[in-house]
Amino acid sequence: MAGRRIALKAIDWVAFAERVPPNQRSMFNALKTRSDAIAAKLASLPESPTTIDWSHYRAAVARAGMVDEFEKKFKALQIPQPVDTQTSAITAQEAESNKSASAYIEGSTARIAQYEQQLDKFKNMIPFDQMTVDDLNDTFPETKLDKVKHPYWPHKPIAEL
Amino acid sequence: MIEKQTRFNQSVYDCLFLVAANALKGSSPLGAGLVQASRSLHTTSQSLAPVPSLPEKGGKVRHGIFPEEIFQLLYPKTGVTGPYMLGTGLLLYMLSKEIYVINHETIAALSIGTVIVYGVKKFGPDVAAFADKLNQDKVAKAQEVKDLAMTSLSQAIEEEKKEQWRAEGRSLLFDAKKNNVAMLLETNYRERLHMVTHEVKRRLDYQVALQDLNRRMEQEHMVNWVEKSVVGSITPQQEKESIAKCISDLKALAKSTQAMA
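Per an unreviewed UniProt entry, chain B carries the name ATP synthase subunit b and comes from Labrus bergylta. Per UniProt, chain B carries the Subunit (unreviewed entry) text "F-type ATPases have 2 components, CF(1) - the catalytic core - and CF(0) - the membrane proton channel. CF(1) and CF(0) have multiple subunits." The UniProt entry for chain B carries the following comment under Sequence similarities (unreviewed entry): "Belongs to the eukaryotic ATPase B chain family."

The name given to chain A in an unreviewed UniProt entry is ATP synthase subunit d, mitochondrial, with Labrus bergylta as the source organism. Per UniProt, the comment on chain A under Sequence similarities (unreviewed entry) is "Belongs to the ATPase d subunit family."

Time to look at the layout of surface pockets. Over the atoms rolls a probe the size of a water molecule, and its path tells where empty space is left. In this model, the second largest pocket occupies a volume close to 590 Å³. Lining the second largest pocket are 21 residues, with F16, P21 and Q24 of chain A together with R170 and L173 of chain B positioned closest to its centre. Elements that contribute at least two residues to the lining of the second largest pocket include exactly α1 (13–19), α2 (25–44) and α5 (87–123) of chain A together with α4 (104–168) and α5 (170–233) of chain B. Element by element, the count of residues in the lining of the second largest pocket is highest for α2 of chain A, at 5 residues. Taken together, the residues of the lining of the second largest pocket sort by class into 12 nonpolar, 4 polar and 5 charged. Looking at which domains feed residues into the lining of the second largest pocket, each of domain 1 (10–48) and domain 2 (95–124) of chain A supplies at least three.

Enumeration according to the criterion identifies 6 aromatic pairs over all chains in this entry. Taken together, a centroid distance of 6.2 Å and an interplanar angle of 50° make the contact between F122 of chain A and F140 of chain A tilted. Here F140 of chain A lies in the segment after α6 (133–139) and F122 of chain A lies in helix α5, a separation of 18 residues in the sequence. There is no split in this pair, since F122 of chain A and F140 of chain A are both buried. Counting every residue linked through ring pairs, the aromatic cluster contains W13, F16 and F28 of chain A. Looking at R62 of chain B, its charged tip hangs above the ring of F71 of chain B, at a distance of 4.2 Å from the centre.

Here is what the cut-offs are and how they apply
Residues numbered from 1 in each chain as written. Chains lettered and ligands numbered in written order. Predicted model: local features only at pLDDT ≥ 70, side-chain atom pairs only at ≥ 80, totals over all residues. Heavy atoms only, no water. UniProt positions renumbered as here; feature names shortened; annotations may be inferred. 1 Å grid on protein atoms, 1.4 Å probe; cavity = no way out; pocket = protein on both sides within 12 Å on 5 of 7 lines; lining within 4 Å. Points joined across faces, edges and corners; volume = space filled by probe spheres on them. Helix = DSSP H or I, 4+ residues; strand = E, 2+ residues; numbered from the N terminus. Nonpolar A, V, L, I, M, F, W, Y, C, P; charged D, E, K, R; others polar. Domains from an automatic or database assignment. Phe/Tyr/Trp six-rings, centres within 6.5 Å; stacked < 30°, edge-to-face > 60°. Buried < 20%, exposed > 50% of the residue type's maximum accessible area, 1.4 Å probe, protein only. Lys NZ or Arg CZ within 6 Å of the ring centre and 35° of its normal.

Next comes the structure, spelled out in structure tokens:
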């Protein structure tokens, strides 16, 4: 009945801390303290318990079959492993977070493409002192004066002058 | 953002208007032909884009009115003084033949002309500088807006990339959680092991201690019993005898010590 070796993944807390956004920092700190407490508790317990010196007890205890009986029962005893209830929940959480993260990354890439497009427009623009009014209206459609809506000069409401 | 855009737009519009005005101010029909000699206005339906930029200054003129081209035209044949001779001749011809009649209007024209020329010569550069500055301010403002837009866009791109990088680290969180769960389970298991061993040991130790206690109690009881029986078995006769023996022994001892001392 010895302890078993569990598969613990080594976590790089430094790299983890770098990736945490500032608004989730407190949650990260709570997680870290909890994890450290658990790890410390685990480390404080020795892996296998102290062995019982059966021969000494056999010599010491007068009652005849008692030590043998104890020894037999002790060796036959199997301690059940504690049941793992949380890992499935965690895996479900992970799947969900993967989904939402990929959706977010998609949206983010779309936004980046949009920004890049606008940036390119600005980069490839004619310099202002070489533009005509038509060029300006092409580059910035908001500058185009609506001559149908306001047929008389200045083709925009006076308040916007 | 929208009102900044519209103000920027109208400022750009204004500045373009001013640019056009400035360009038109300096150019005379022949002067502008320097750059666009080969291109005639609105004759083809093709658009010659990008539109070549307007010339910075108008065509060169001498004495404010006479284009430089005439002087260049006449230079090979008549040298430097040719156009001046031509001008003098023409003037004299018009005066003498009375094609141009001198009357009151002439004096008025001369006076007004003097004043105008004086005014332009004195204040011209300042006014031009002022107009140029207005233009430049508008262009600078537009440029500023453009630069700001570009920097903010590139910054936004950087931040999006950073957020994507952050999102990639989500597996670390779940690893940590799973680790915690595993550690808790292991701790629990070890505690159980320890508890079992501890309890068994306790029971065995109890048995041993019980036995020891029994033995000790038996021993003490036996010792006490033996003592009591021994003390009880001493009869009065024996006691007297033993006391007499003790006294005689003591006397002998005293005598021996007295003899020694």
